[in-house]
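# Close look at the chain arrangement
The chain contents come next:
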Amino acid sequence: MLRIIEKQFRKPSGFLGKVVSIIMQKGNDIAYNRIINSLEIKEKEHVFEIGYGHGLGIKKILANTNCFVSGIDYSKLMNKLASKRNKNSIYKGKVKLYYGDFLDYKIKPHLYDKIYFLNVIYFWDKLELPFNKINVGLKEKGIFCFYMDHPDELSRQGFMKEDLFNKYSIDEVIEKLRFSGFNKIDYQQDKMGYFVKCMK
Ligand SMILES: C[S@@+](CC[C@H](N)C(=O)[O-])C[C@H]1O[C@@H](n2cnc3c(N)ncnc32)[C@H](O)[C@@H]1O
């Protein structure tokens, strides 16, 4: 049973996926506010979210700043829910939501001022590929922020299956960020995890 739920966090689908989506919206609301704050988004900027899930983060950004947000998620259900939530902004041409795997996505070089994600890193078996893509997609001096739970917090919440969840240490993540060309890396730890902010 636990494995079925863990799979839902990785790629939500069906009725259980809708339940998991509600849990994520409530559980990650504060973390979204914090990440969006650290992105320092300005008018007309281009922003990209990886694994937008329910689309709450995108809605929050557009509620405060007149910018362009696009993103990618490989769950059909999440693409549907996020599109519904952001339908007005999609209609106005402010939001574009792609359905697909970020690891296969051909990101446009130097297009984005800001790139972010929350709770997606665990599903990447290797970090070099996604971090390199992010680096390529960012403009010079662009900002990349993300949130990840502490490995102990993931275990405490019952996410035990190493084949479904990679539990990265912050040191490992920072090493891979440096390797992918990020030089300025800051992070803050709270009781559950890490808020990481990098500049190209
Ligand atoms: C645990 S959920 C997090 C959702 C939201 N970011 C949050 O924190 O509430 C992970 C999301 O990332 C998506 N995802 C995971 N790996 C992905 C990949 N390689 N490409 C695109 N989407 C991915 C999943 O479909 C899911 O919607």
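This brings us to the packing of helix α2 (residues 14–39) against helix α3 (residues 56–64). When two helices pack together, their arrangement is given by the angle between the helix axes and the distance between those axes. Look at α2 against α3: their axes get within 10 Å of each other, and the N-to-C directions meet at 45°. The angle between α2 and α3 falls in the class oblique. In terms of crossing hand, the pair formed by α2 and α3 is right-handed. Contact residues: Gln25, Tyr32 and Ile36 in α2; Leu56, Gly57, Lys60 and Ile61 in α3. A class-by-class count of the residues in the contact of α2 with α3 yields 4 nonpolar, 2 polar and 1 charged.

What follows covers the pairing of strand β5 (residues 138–149). Summarising burial for β5: 9 of the 12 residues are buried, a large majority. With 6 bridges connecting them, strand β4 (residues 112–118) and β5 associate as parallel partners. In the sheet register, Phe117 faces β5, and the bridge partner there is Phe146. Between the parallel elements β4 and β5, the chain passes through helix α6 (residues 128–137) in a crossover that is right-handed.

Rules of the game
Residues numbered from 1 in each chain as written. Predicted model: local features only at pLDDT ≥ 70, side-chain atom pairs only at ≥ 80, totals over all residues. Axes fitted to C-alpha atoms, helices over the stretch in contact; angles between N-to-C directions. Helix = DSSP H or I, 4+ residues; strand = E, 2+ residues; numbered from the N terminus. Parallel < 35°, antiparallel > 145°, perpendicular 65-115°, else oblique. Left-handed = near helix turned anticlockwise from the far one by under 90°. Contact = placed C-beta atoms within 7 Å. Nonpolar A, V, L, I, M, F, W, Y, C, P; charged D, E, K, R; others polar. Buried ≥ 20, exposed ≤ 12 C-beta atoms within 10 Å, placed from the backbone. Pairing = 2+ DSSP bridges. Right-handed = clockwise from strand over helix to strand, strands pointing away.

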